[in-house]
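The lines below spell out each chain.
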Amino acid sequence: MSGSIERNLSALAEAVDHSQASGLVHGLDPRAKILVTLLFVIAVTSFGKYEVSRLMPFALYPAVLTGLSGVSPGRVLKRTLIAAPFVLFVGLFNPLFDRTPLLRIGPLVLTGGWMSFFSIIARSFLAVSAAVLLVFTTRFDSLCLGLERLGTPRVFVVQLLFLWRYIVLFMEEARRMVRAHTLRSWGNRPKISPKVFVSMTGTLLLRTLDRAGRVYRAMRARGFEGEIRMLRPLSFSPSRDGLFLLVWGGYFLVCRLVNLPEFLFRAAAGP
C-alpha cells in the first residue's frame, strides 16, 4: 500500500512538473491544443474497423509533439499503456466472433476479427497518447479555463478542477497516514491488517472531508464564485496558435481523405 501511494504521488508530481515546464508546445494557447487533440481523436476514431494501415500516418502527431515538448517517450508510453487492459478487454472477443477471411499469407489466414482487434488497439493507443501529451504540456488550471472558453459548461469545468485538486489532497493525507503507520512499526516491515485498513480508510475519509471543508471556506472568504481566474490571461495568437491548429488540422484532413500508405507505396514502386 505504501509503495502504491508513493508511486501514484510521484506520477501526479511528474505530470505537474511537465505541465509547468517552458517550451514551444507548453507556451501554446490551451484552446489550440484542445482543438487539435479533439480533431486528432475524431479523425482516428472515424476509420472503419478493418482500416489499420491508414492509421499509421497519424503516429506522426504524438511523435512530433513528444520531441518538441521535451517529454520522455518512455514516460508517455508508460502513461498510455495504463489503458491497455481496458482496450484488450474490449477487443478480446473480436477474433472469436468475426472469422471472415481477409488476407492469406501462406498457411496463415488473417480474419476480420484480428484486423478489428488490431484496429482497436491502434486507435486507442493513438487517442490516449494524444490525451496524455495534452495533460503533460498544459497546466491543469489553464486546461480547465481553455475548456470553459470553448463553451464547456462552467459547472463541469469547476468540478473537473476540484476533482484534480482533491485527488492531490487525498493522496497527501493517505501518504501521511501510511508514513505514520510505518514509523510506528519500529523498523519492521509494515503489515496492514484488514481491521487496521478499514479503520485507516474511515479516518482518511473524515480527514479529507474536514480538509475539503476548510478549503471551501477559505475559497468563499476570498470571493470565489465559480469563475476560474489566472494571473496571466489566455491569449490566442494567430501566427502561433492559429498556425499550429491550421497545420495539424490540415494534416489530419489529408490523412483522413487520402490513403497515404497506399499512395507512398505506389510512388516508391514506380510505374
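Worth saying up front: this structure is predicted, and the values here are computed from it rather than measured.

1. A few points about helix α8 (residues 140-149)
Burial runs high along α8: nine of the ten residues are buried. Along α8, the positions that sit buried rather than exposed are F140, D141, S142, L143, C144, L145, G146, L147 and E148. Following α8 by one or two positions, G151 has its phi on the positive side, about 105 degrees.

2. Some remarks on the nonpolar core
With 24 residues, the main nonpolar core has F40, F58, Y61, F244 and F252 as its most contacted residues. Only α2 (30-45), α3 (60-69), α7 (112-136) and α11 (238-257) provide two or more residues apiece to this core. Contacts of F58, omitting those with residues within four sequence positions, involve F40, A43, V44, F47, L126, F252, C255 and R256. With twelve residues, the next largest nonpolar core counts L145, L161, I228 and L234 among its residues.

3. A short note on the confidence of the model for the protein
When pLDDT is averaged along the protein, the result is 81, and 87% of the positions lie at 70 or above. For the protein, the element scoring lowest by mean pLDDT is helix α1 (residues 2-19), at 54; α2 scores highest, at 94.

4. Some words on the pairing of strand β1 (residues 101-105)
Residues in a regular strand point their side chains to alternate faces of the sheet. For β1, the tally of buried residues reaches only zero of five residues, placing the bulk of the element at the surface. As paired strands, β1 and strand β2 (residues 108-111) are joined by four bridges and run antiparallel to one another. The residue of β2 that forms the bridge with I105 is L108. Counting the residues that bridge the hairpin from β1 to β2 gives two residues, and of these G106 lies at a positive phi of roughly 65 degrees.

5. Quick word on the side chain of R54
Secondary-structure assignment places R54 in the loop between α2 and α3. One polar contact links the side chain of R54 to the main-chain carbonyl oxygen of C255, over a distance of 3.4 Å.

6. Some points on the packing of helix α5 (residues 84-91) against α7
α7 packs onto α5 with a crossing angle of 155 degrees between their chain directions and a minimal axis gap of 9 Å. Regarding the angle of α5 to α7, the classification is roughly antiparallel. You can see that α5 and α7 cross each other, and the crossing is right-handed. Of the residues in α7, those in contact with V87, L88, V90 and G91 of α5 are F117, I120, I121 and S124. Split by residue class, the contact of α5 with α7 holds six nonpolar, two polar and no charged.

7. Side note on a nonpolar patch on the surface
Side chains of L253, V254, L257, V258, F263 and L264 sit close together on the surface and give an oily, nonpolar patch of about 590 Å² of accessible area. Put simply, the parts of the chain that give the nonpolar patch at least two residues each are α11 and α12 (260-269). When residues in the nonpolar patch are grouped by element, the largest group, three residues, is from α11. For V258, the location among the structural elements is in the loop between α11 and α12.

Parameters and conventions
Here, residues in each chain are numbered from 1, in the same order as that chain's written sequence. pLDDT decides what is reported in this predicted model: residues at 70 or higher carry local features, side-chain atom pairs at 80 or more are listed and counted, and totals for whole chains, interfaces and linings draw on all residues regardless. Computation of side-chain values covers all heavy atoms of the structure but excludes hydrogens and water. The cut-offs for exposure are 20% and 50% of the maximum accessible area for each residue type, with area from a 1.4 Å probe on protein chains only; residues under the lower value are buried, those over the upper are exposed, and the others partly exposed. In this text, helices come from DSSP runs of H or I with a minimum length of four residues, and strands from runs of E with a minimum of two, each type numbered from the N-terminal end. To define a nonpolar core, start from buried Ala, Val, Leu, Ile, Met, Phe, Trp, Tyr and Cys residues and group those joined through side-chain atoms within 4.5 Å. The contact rule is simple, with two residues in contact once any of their heavy atoms fall within 4.5 Å. The score called pLDDT rates the predictor's confidence residue by residue, from a low of 0 to a high of 100. Only strands that DSSP links by at least two bridges are regarded as paired with each other. Whenever a nitrogen or oxygen atom comes within 3.5 Å of another N or O atom, the pair is scored as a polar contact, on the condition that within protein one atom can donate a hydrogen and the other can accept it, and that pairs from neighbouring residues in sequence are kept only if both atoms are in side chains. Interaxial angles span 0 to 180 degrees and are taken between N-to-C directions of axes, which are lines fitted to C-alpha atoms, for helices over the stretch in contact. To sort the angles, those under 35 degrees are grouped as roughly parallel, those over 145 as roughly antiparallel, those from 65 to 115 as roughly perpendicular, and the leftovers as oblique. Here a crossing is called left-handed whenever its near helix is offset anticlockwise from the far helix by less than a right angle, and right-handed whenever the offset is clockwise. Asp, Glu, Lys and Arg are counted as charged, while Ala, Val, Leu, Ile, Met, Phe, Trp, Tyr, Cys and Pro are counted as nonpolar; the rest, among them Gly, fall into the polar class. Only residues whose relative accessible area exceeds 30% and that form no salt bridge are eligible for patches; like-charged ones are grouped when within 9 Å, while nonpolar side chains (Val, Leu, Ile, Met, Phe, Trp, Tyr) are grouped when within 5 Å. Working definition of accessibility: Shrake-Rupley area with a 1.4 Å probe, residue cover restricted to the visible protein chains. What makes a salt bridge here is a side-chain nitrogen of Lys or Arg within 4 Å of a carboxyl oxygen of Asp or Glu, nothing more.

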